[in-house]
Amino acid sequence: MIVAMSTIDKLIARMTLPEKLGQMTMTAASHAVTGPVSAGDATDSIRDGTLGNLLNLVGPAPTRDMQRIAVEESRLGIPLLLGFDVIHGHRTIFPVPLAEAATFDPWLWERTARAAACEAAADGLALTFAPMLDVSRDPRWGRSVEGPGEDPWVAATFACAKVRGFEGKDLASPASLAATAKHFCAYGPVAAGRDYAPVDISERTLHEVHLPAFAAAVRAGVAAIMPAFTSLAGIPMTAHKQLLRDYLRGTLRFDGIIVSDYNAIRELINHGVAANVVEAAVLALRAGVDIDMMAGAYREGLPVALERGLVSMAEIDDSVRRVLRLKARLGLFDDPYRRGTVAEAPAVVAARRALAREAATKSLVLVKNAAATLPLPSSVRRVCVLGPLADAWREMRGPWAAAGYDAPGVTVRAALRESIPDARIDHAAGVPITGGDDAGIAAAIDLVRAQPDAVVLCLGEAAEMSGEAASRAAPELPGRQREFATAVFDRARAADVPVIVVLFCGRPLVIPWLDERADALLVAWFPGHEAGHAIADVLTGRVSPSGRTPMTWPRSLGQVPLYYAQYANGRPENAADRFTSKYLDASSAPLYPFGYGLGYGRCAYTNLRVTPASAGPEGVFEIAVDVTNEGSRTAEETVFVFIRDRVASVVRPLLELKGMAKVVLAPGTTATARVRLAATELALLDVAMRSVIEPGEVDIFVGPCADPARLLSSRVLLCG
Ligand code: NOJ
């Protein structure tokens, strides 16, 4: 039974101001993990009703104990809301979100969120600070790893899948978590890719690129939204009344809670828009922030603000009402212990490892496979597994392994031993991930000299080199890895041994030299607990790789930010004409375009049909293309549909993703991939920022990635 509104209002009427502010406050249960402040022991505040929400408390016993204090020992017995960052799995760790995005598989996105929600709820939690929906077009930004990549359509699709997965059909279910869409909004374009730096983008980019995912999350019923730490065109998001209150609550009709980021309300003082904590609290409340995470600003500042008439009790009550309503929707008033009471069956947990392996396998992106180096032939008898990430079980889990830190990730070395038991697997790290120690290079090169059938060279970043506060000015291979890899390539070439590079990273890296030298290159991102198994599945050919990169890979750092959906310009690049948009000293083409990734099959696209040839605003275009697997192994192909509006009242992107389909093809077979595209999807924001469908011609492009040379095209007419 859901608690009726009148019950909530009656409860609010009985609350003291400190109790109300307690419902508007969230602190970490023990120590701080992502900010400069720490909360200390929360027990007394829970008991006296001045703290209603916790983060970072996890596990059936501790959550139950705290909940018991809130429900049985506080005056009003209001249950706690317990939140946790369930970013890429909870106890079972799935691939990092950027890697998951690379699967381009919404059903998988939903299933991993559902599985993580079940695990987290069994651990006593009711709220996750996920999904992160920040579009990222700058690999310097460490938080690229936490999101869906560079494309707004992918981000919106990801948003819906994740919200459905976390929240399930009924938020009150003991296996459901309230989801938080974060970080609202436009955190990705931080200046020069530096975390927390200001953002200054156009109104058009905001609406076309950064808001659609949040709008989609709201439509999918997301329970909470977290403003970004950053400022946008001079206004910190935590105080952004126009976007939080007017747009989110007004235009989008979002009626869930807005929870600040960690200490973000107090940081309004650092932004220079508040002189003190009272002003900071007033700005955040006025903007519509309901819960103050870790700043203590509401408890400290709002009583003074109230006294001075800077805020009203009605405004405070509105926030308290929203928080209590969420607790009611989560079923916490009916049974505060509904989560974390029933332990999950071992078989259920085991099945989750299978899902982790499936997700990890599908997230791997094969970007080079010269002379069909992969899969490894079944005749291999000796493989040399080299590099600092070959046996680094900690790193496999990625930067935000939530409650999954206890379990090691399966390494490439261990998994290859398991999957090719008859082969000898030699191993040497060669160099550490970072630092200048190259003492291990000689021993590793000796292994290459011993004439193995193949070298599997595992390179990349440490997990903690991406994520929050992990921006890199030069996102390249760290430490002495380049020198090491070069020595391996030189030696392997002399011995005629193929080198397969497995690259671990939380973002695209700038590695044109590696692409040139490797025989095969598999981007593994951070695949989670089942990392090694997934990689071995692909290396041995048990599974054909099917991941596609959700971010464009630059050739050189100077190209950043680089993304496929560039707006058209007046002097398109032309090699023969100096006065066109290009560099004098570098190509402007990416190393790997958005959507790029190879499989073991070889797909050819023919016979693109788009019907009808013209349609009005209510119409739907049916797009069909035949895909033939001309290779000798099964292929799982992702078919992308892009559009370009040929003439519009405002400048449009050269390509815009509007849909995708997947086909699985046995060798020699053909299948038709179909995508429906509603004319409403072709709407644009006109000069006055109104959404309009403008009559005119639209090009439809279909193909395996955003490389214009690889796309088939057709043209339709939009009628007024
Ligand atoms: C700061 C991060 O920006 C946010 O994503 C996270 O949810 C909170 N810390 C809580 O850990």
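Residues numbered from 1 in each chain as written. Predicted model: local features only at pLDDT ≥ 70, side-chain atom pairs only at ≥ 80, totals over all residues. Heavy atoms only, no water.

Trainee: How should the overall build of the chain be read in this particular structure?
Mentor: Within the chain, the secondary structure is distributed over 20 helices and 26 strands. Relative to a compact globule of 720 residues, whose C-alpha radius of gyration would be 27 Å, the chain shows 26 Å and is just as compact. Each principal axis of the C-alpha atoms in the chain carries an extent, and together these give about 80 × 60 × 45 Å. Sorting the 720 residues of the chain into buried and exposed places 61% on the buried side. Sequence-distant contacts in the chain: of pairs separated by 6 or more residues, those separated by 24 or more amount to 77%. Accessible area of the chain: about 26,000 Å², with a carbon and sulfur share of 52%. Counting 74 positive and 80 negative side-chain charges, the chain places the averaged centre of each group 2 Å from the other. (Helix = DSSP H or I, 4+ residues; strand = E, 2+ residues; numbered from the N terminus. Rg over C-alpha atoms; globule rule 2.2 N^0.38 Å. Buried < 20%, exposed > 50% of the residue type's maximum accessible area, 1.4 Å probe, protein only. Contact = heavy atoms within 4.5 Å. Areas by Shrake-Rupley, 256 points an atom, 1.4 Å probe, with all protein chains shown as cover. Lys, Arg positive; Asp, Glu negative; His and termini not counted. Charge placed at Lys NZ, Arg CZ, Asp CG, Glu CD.)

Trainee: Explanation requested: unusual backbone geometry in the structure shown.
Mentor: Most peptide bonds are trans, and most residues other than glycine sit at a negative phi. In the segment running from Leu374 into Pro375, the intervening peptide bond is cis, with an omega of -5°. Of note in the backbone geometry, Ala233 takes a positive phi value of approximately 45° without being a glycine. You can see Ala233 is positioned in the loop between β7 (231-232) and β8 (235-236).

Trainee: Just to check I follow, could you spell out the sheet that holds strand β2 (residues 53-55) for this structure?
Mentor: Spatial ordering of the open sheet is given by β4-β3-β2-β1-β10, a layout of five strands whose pairing is parallel. Strand pairing shows two members of the sheet lacking a second neighbour, β4 (127-128) and β10 (292-293), which therefore form its edges. Relative to strand β3 (residues 81-84), β2 is paired through three bridges, and the arrangement is parallel. Looking across to β3, one finds that Leu55 is bridged to Gly83. (Pairing = 2+ DSSP bridges.)

Trainee: Any chance you could explain the state of the cysteines here in plain terms?
Mentor: By definition, a disulfide is the covalent link that joins the sulfur atoms of two cysteine residues. Overall, the coordinates contain zero disulfides when judged by the stated rule. Here Cys705 is not cross-linked by a disulfide; its sulfur's nearest cysteine counterpart is in Cys603, at 12 Å. (Disulfide = S-S within 2.5 Å.)

Trainee: I tried to follow the nonpolar core on my own but got confused; where do I start?
Mentor: Nonpolar side chains tend toward joint burial in soluble globular proteins. In terms of nonpolar packing, the biggest core is built from 142 residues, with Phe184, Leu302 and Phe642 touching the most fellow members. Excluding residues within four positions of it along the chain, Phe184 makes contact with Leu211, Phe214, Ile225, Met226, Pro227, Ala228, Met237, Leu243, Leu244, Tyr247 and Leu248. Ala390, Cys458, Ala485 and Val497 belong to the second largest nonpolar core, which has 84 residues in total. (Core = buried A, V, L, I, M, F, W, Y, C linked by side-chain atoms within 4.5 Å.)

Trainee: Looking at this structure, I do not really get the pattern of salt bridges. What am I missing?
Mentor: Pairing between side chains of opposite charge can happen when the charged atoms of each approach one another. The tally for this structure, following the rule as stated, stands at 50 salt bridges. Note that Asp105 and Lys362 form a salt bridge whose closest N and O atoms lie 3.7 Å from each other. Here the residue Asp105 occupies a position in the loop between α5 (97-101) and α6 (106-122), and Lys362 occupies one in helix α15 (residues 346-363), the gap between them amounting to 257 residues. Assessed through its relative accessible area of 12%, Asp105 is described here as buried. One salt bridge in this structure joins Asp626 and Arg609, with 3.0 Å as the shortest N-O distance. Taken together, the residues span a long stretch of sequence, with Asp626 in strand β19 (residues 620-629) and Arg609 in strand β17 (residues 603-611) at a distance of 17 residues. Residue Asp626 is classed as buried on the basis of its relative accessible area of 15%. The network of salt bridges with shared partners includes Asp44, Arg47, Arg68, Glu72 and Glu73. (Salt bridge = Lys/Arg side-chain N within 4 Å of Asp/Glu carboxyl O.)

Trainee: Please clarify how helix α7 (residues 152-167) should be interpreted in this entry.
Mentor: Spacing of three or four residues puts side chains on the same side of an α-helix, whose turn is 3.6 residues. Relative to the 22 Å expected for 16 residues at 1.5 Å per residue, α7 spans 22 Å between its end C-alpha atoms, a close match to the ideal helical length. Extensive coverage of α7 is indicated by the burial of 13 of its 16 residues. Between the side-chain oxygen at the start of α7 and the backbone nitrogen of Trp153 there is a gap of 2.9 Å, and the oxygen is on Asp151. Immediately downstream of α7, the backbone of Gly168 shows phi near 65°, a positive value. (Expected span 1.5 Å × (residues − 1). Polar contact = N/O pair within 3.5 Å; in protein donor to acceptor, adjacent residues only side chain to side chain.)

Trainee: Sorry, what's going on with the side chain of Glu461 here?
Mentor: In this fold, Glu461 is placed in the loop between β14 (454-460) and α18 (481-495). Accessibility expressed as a relative area gives 0% for Glu461, which makes it buried. In terms of polar contacts, Glu461 uses its side chain to reach the backbone amide nitrogen of Gly506, at 2.9 Å. Engagement of the side chain of Glu461 in a polar contact is seen with the side chain of Arg507, the distance being 2.5 Å. Excluding residues within four positions of it along the chain, Glu461 makes contact with Leu389, Ile433, Ser466, Arg472, Pro478, Phe504, Cys505, Gly506, Arg507, Leu509 and Phe526.

Trainee: Please explain the packing of aromatic side chains as it appears in this structure.
Mentor: A ring pair, where both rings are aromatic, is described by two values, the distance of the centres and the angle of the planes. Here the structure, examined in full by the defined rule, presents 13 aromatic pairs. Plain terms: the ring middles of Trp525 and Trp553 are 6.0 Å apart, the flat faces sit at 55° to each other, and that makes the pair tilted. Placement of the pair is Trp525 in the loop between β16 (520-523) and α20 (531-539) and Trp553 in the loop between α20 and β17, with a sequence separation of 28 residues. We classify Trp525 as buried; its relative accessible area is 1%. The buried category is assigned to Trp553, whose relative accessible area is 1%. (Phe/Tyr/Trp six-rings, centres within 6.5 Å; stacked < 30°, edge-to-face > 60°.)

Trainee: Explain the environment of Val86 here, please?
Mentor: Note on placement: Val86 falls in the loop between β3 and α5. Spatially, the C-alpha atoms of Val86 and Thr486 are 39 Å apart, while their sequence positions differ by 400 residues. Other than its neighbours up to four places away in sequence, Val86 contacts Ala116, Ala120, Thr128, Ala130, Phe166 and Leu177.

Trainee: Would you take a moment to explain the packing of α6 against α15 for this structure?
Mentor: Each pair of packed helices gets described by two things: the angle between the helix axes and the distance between those axes. Across the interface, α6 lies against α15 with an axial gap of 11 Å and an inter-helix angle of 145°. Regarding α6 and α15, the two cross each other, and that crossing is left-handed. Residues Leu108, Arg111, Thr112, Ala115, Cys118 and Glu119 of α6 form the contact with α15, whose participating residues are Arg352, Leu355, Glu358, Ala359 and Lys362. Looking at the contact of α6 with α15 residue by residue, the classes come out as five nonpolar, one polar and five charged. (Axes fitted to C-alpha atoms, helices over the stretch in contact; angles between N-to-C directions. Left-handed = near helix turned anticlockwise from the far one by under 90°. Nonpolar A, V, L, I, M, F, W, Y, C, P; charged D, E, K, R; others polar.)

Trainee: What exactly am I supposed to notice about the site of the ligand here?
Mentor: For the ligand, the set of nearby residues contains 14 residues, the closest of which are Asp85, Arg143, Lys182, His183 and Asp261. Between Asp85 and the ligand, the recorded distance is 2.5 Å, taken from a side-chain N or O atom to an oxygen atom. Take Arg143: an N or O atom from its side chain is 2.7 Å from an oxygen atom of the ligand. For the ligand, the accessible surface in isolation is 300 Å², of which the surrounding protein chains cover 100%. A per-class count over the shell around the ligand returns seven nonpolar, two polar and five charged. (Near = heavy atom within 4 Å.)

Trainee: I keep staring at the sheet that holds strand β5 (residues 180-184) and nothing clicks. Help me out?
Mentor: The pairing of strands in a sheet comes from backbone hydrogen bonds and takes either a parallel or an antiparallel form. A sheet is described by the order of its strands in space; here three strands give the open sequence β5-β6-β9, paired in parallel fashion. Two strands bound the open sheet, and with one partner strand each, they are β5 and β9 (257-258). Summarising the sheet, β5 and strand β6 (residues 224-227) pair through four bridges and their orientation is parallel. Of the residues in β6, the one forming a bridge with Ala181 is Ile225. Each of β5 and β6 is contacted by helix α9 (residues 212-219), which is oriented at about 160° to β5, the strand it contacts most.

Trainee: Is there a simple way to explain the domain arrangement of the chain in this structure?
Mentor: Once the domains are mapped, the chain shows domain 1 (1-79 + 260-341), domain 2 (365-546) and domain 3 (603-718). A C-alpha centroid distance of 47 Å is found between domain 1 and domain 3. (Domains from an automatic or database assignment.)

Trainee: Quick question: what am I supposed to make of the confidence of the model for the chain here?
Mentor: Detailed reading of the predicted coordinates is not advisable wherever pLDDT is low. When pLDDT is averaged along the chain, the result is 96, and 98% of the positions lie at 70 or above. Between residues 31-35, whose pLDDT stays under 50, and residues either more than four places distant or in other chains, the model counts 10 contacts. (pLDDT = per-residue confidence, 0-100.)

Trainee: Is there a simple way to think about the packing of helix α12 (residues 277-287) against helix α13 (residues 297-307) in this case?
Mentor: Where α12 meets α13, the closest approach of the two axes is 8 Å, and the angle between their N-to-C directions is 90°. Viewed along their axes, α12 and α13 adopt a mutual orientation that is roughly perpendicular. Of the residues in α13, those in contact with Val277, Val278, Ala281, Val282, Ala284 and Leu285 of α12 are Ala297, Tyr298, Glu300, Gly301, Leu302, Val304 and Ala305. When grouped by side-chain class, the residues that make up the contact of α12 with α13 number 11 nonpolar, one polar and one charged. (Parallel < 35°, antiparallel > 145°, perpendicular 65-115°, else oblique.)

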